[in-house]
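Architecture at a glance
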Amino acid sequence: MRKTFSLKKYKDYLYIMPAVLFVVIFFVTSIIYAFRLSFFEWDGFSEMTFVGFGNYAKLFGDKNFLTSVMNTIIWVASSLVLSMALPLLFAILITKSSLPGLFKNVFYFPSALSATVGGLLMTSILSVYGLPKIMGMLGFENLVRDWLSIPYVNTFVMIISGVWQGLGLNMLLFISGLNSIDSSPIEAAQIEGAGTVQLYTKVVFPLLKNTIVVVLLMSLVNSFKTFDNIWVMTKGGPYRTSETLALTMYEESFIRNDFGRGAAVAIVLTIVVVFVSYFNIRNSFKED
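Rules and cut-offs
- Residues numbered from 1 in each chain as written.
- Predicted model: local features only at pLDDT ≥ 70, side-chain atom pairs only at ≥ 80, totals over all residues.
- Heavy atoms only, no water.
- Phe/Tyr/Trp six-rings, centres within 6.5 Å; stacked < 30°, edge-to-face > 60°.
- Buried < 20%, exposed > 50% of the residue type's maximum accessible area, 1.4 Å probe, protein only.
- Helix = DSSP H or I, 4+ residues; strand = E, 2+ residues; numbered from the N terminus.
- Lys NZ or Arg CZ within 6 Å of the ring centre and 35° of its normal.
- Salt bridge = Lys/Arg side-chain N within 4 Å of Asp/Glu carboxyl O.
- Axes fitted to C-alpha atoms, helices over the stretch in contact; angles between N-to-C directions.
- Parallel < 35°, antiparallel > 145°, perpendicular 65-115°, else oblique.
- Left-handed = near helix turned anticlockwise from the far one by under 90°.
- Contact = heavy atoms within 4.5 Å.
- Nonpolar A, V, L, I, M, F, W, Y, C, P; charged D, E, K, R; others polar.
- Core = buried A, V, L, I, M, F, W, Y, C linked by side-chain atoms within 4.5 Å.

A word on the packing of aromatic side chains
- One pass over the full model with this rule turns up 15 aromatic pairs.
- Aromatic side chains F35 and F39 sit 5.1 Å apart centroid to centroid with 85° between the ring planes, which places their arrangement in the edge-to-face category.
- Using a relative accessible area of 14% as the deciding quantity, one classes F39 as buried.
- Arranged with centres 5.4 Å apart and planes meeting at 75°, the rings of F40 and F50 form a pair that is edge-to-face. With a gap of 10 residues between them, F40 in strand β1 (residues 40–41) and F50 in strand β2 (residues 49–50) connect regions that are remote in the sequence.
- A cation sits over an aromatic face here: K235 above W231, 5.4 Å from the ring centre.

Some details on the environment of V20
- Of note, V20 is situated in helix α1 (residues 11–37).
- V20 sits in the partly exposed class, given a relative accessible area of 39%.
- C-alpha separation for the pair V20 and Y56, spaced 36 residues apart in sequence, amounts to 31 Å.

Some thoughts on the pattern of salt bridges
- All told, the structure shown has 6 salt bridges when counted by the stated rule.
- Between E251 and R256 there is a salt bridge, and its shortest N-O distance comes to 3.5 Å.
- Assessed through its relative accessible area of 11%, E251 is described here as buried.
- Each of D62, R240, E243, E252 and R261 takes part in one network of salt bridges that share partners.

Let's talk about the packing of helix α4 (residues 100–112) against helix α7 (residues 153–179)
- For the pair α4 and α7, interaxial distance at closest approach is 5 Å and the crossing angle is 130°. As far as their axial angle goes, α7 and α4 are oblique. You can see that α4 and α7 cross each other, and the crossing is left-handed. Contacts between α4 and α7 pair K104, F107, Y108, P110 and S111 from the former with W164, Q165, G166, L167, G168, L169, M171, L172 and I175 from the latter.
- In terms of residue class, the contact of α4 with α7 is built from 9 nonpolar, 4 polar and 1 charged.

A few points about unusual backbone geometry
- Backbone torsion omega between G237 and P238 reads -5°, so that peptide bond is classified as cis.
- Along the chain, P238 falls in the loop between α11 (228–233) and α12 (245–255).
- Its identity is not glycine, yet K235 carries a phi of approximately 55°, on the positive side.
- One non-glycine residue, Y239, adopts positive backbone phi at about 55°.
- Turning to its location among the elements, Y239 is positioned in the loop between α11 and α12.
- For Y239, a relative accessible area of 75% translates into the label exposed.

Concerning the environment of I32
- The topology assignment puts I32 in helix α1.
- Through-space distance from the C-alpha of I32 to that of I267 is 9.7 Å; in sequence the pair is 235 residues apart.

Structural notes on the nonpolar core
- Membership of the largest hydrophobic core comes to 35 residues, with the highest contact counts inside it found for F174 and L178.
- Broken down by secondary-structure element, the contributors of at least two residues to this core are α2 (54–60), α3 (63–95), α7, α9 (196–207), α10 (209–224) and α13 (259–285).
- When residues of this core are assigned to their parent elements, the largest contribution, 8 residues, is made by α3.
- Those residues in contact with L178, other than ones at most four positions away along the chain, are A91, I92, T95, V204 and L208.
- In terms of nonpolar packing, the next biggest core, distinct from the first, is built from 13 residues, W75, L148, I159 and L247 among them.

This is the structure in structure tokens:
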């Protein structure tokens, strides 16, 4: 007997088809085009000139690019530590607080601001008329300077600003994870005499593993593609000392009109993010 075609059999796939098409059209094709463009020299107007791996060779011989790579590593390492430790600490304290709703709103408020607004706010606070001036009034005259104009110091200042803005969302994820943990293993550990440190390291944190992985991956990807805060606060300066790879990509493409070199930075950044994310996911979910 001849079988008839039925959409019901494939209805589950139809639900995700729009998302699949969106990813293929706007993400996969963009990567392919950027990869092709990275082998050409093009200013956006004249004819494209094939240079092979010339753009990549110039990048790795450029001290500004190497500084950008180092700044990106600093951003990723610092953001991962702070974006994991602080939200987890606050989540633990809030779950034990008598006013959890109040503290949730207080710590989540920065996350409700756009990165641009947050950057402008921090720029005003850290200007010579803001926090540095207050420090000078307290007797710390050597701190009365524009901290965002000091090379490498401004990078750590901007990292703190970025962590401050992402604190609320990560904290809520940890609170949700803590509230979903079964109380039986915790109660059993307490009966057996486990201290606070042992309780969290041996019981709570392993049960919170899936939430930790989600927060870790979100923080990892966000730290690699950080752009808004840096552009608003320093524009990569002074003298391109605070650029990260995302900012270098924009600088090369839209400021210097070297789209081939900008595409090469984009490909390097994509490869690094995919590589790090893949091994992080594999190791996180690997069975003991």
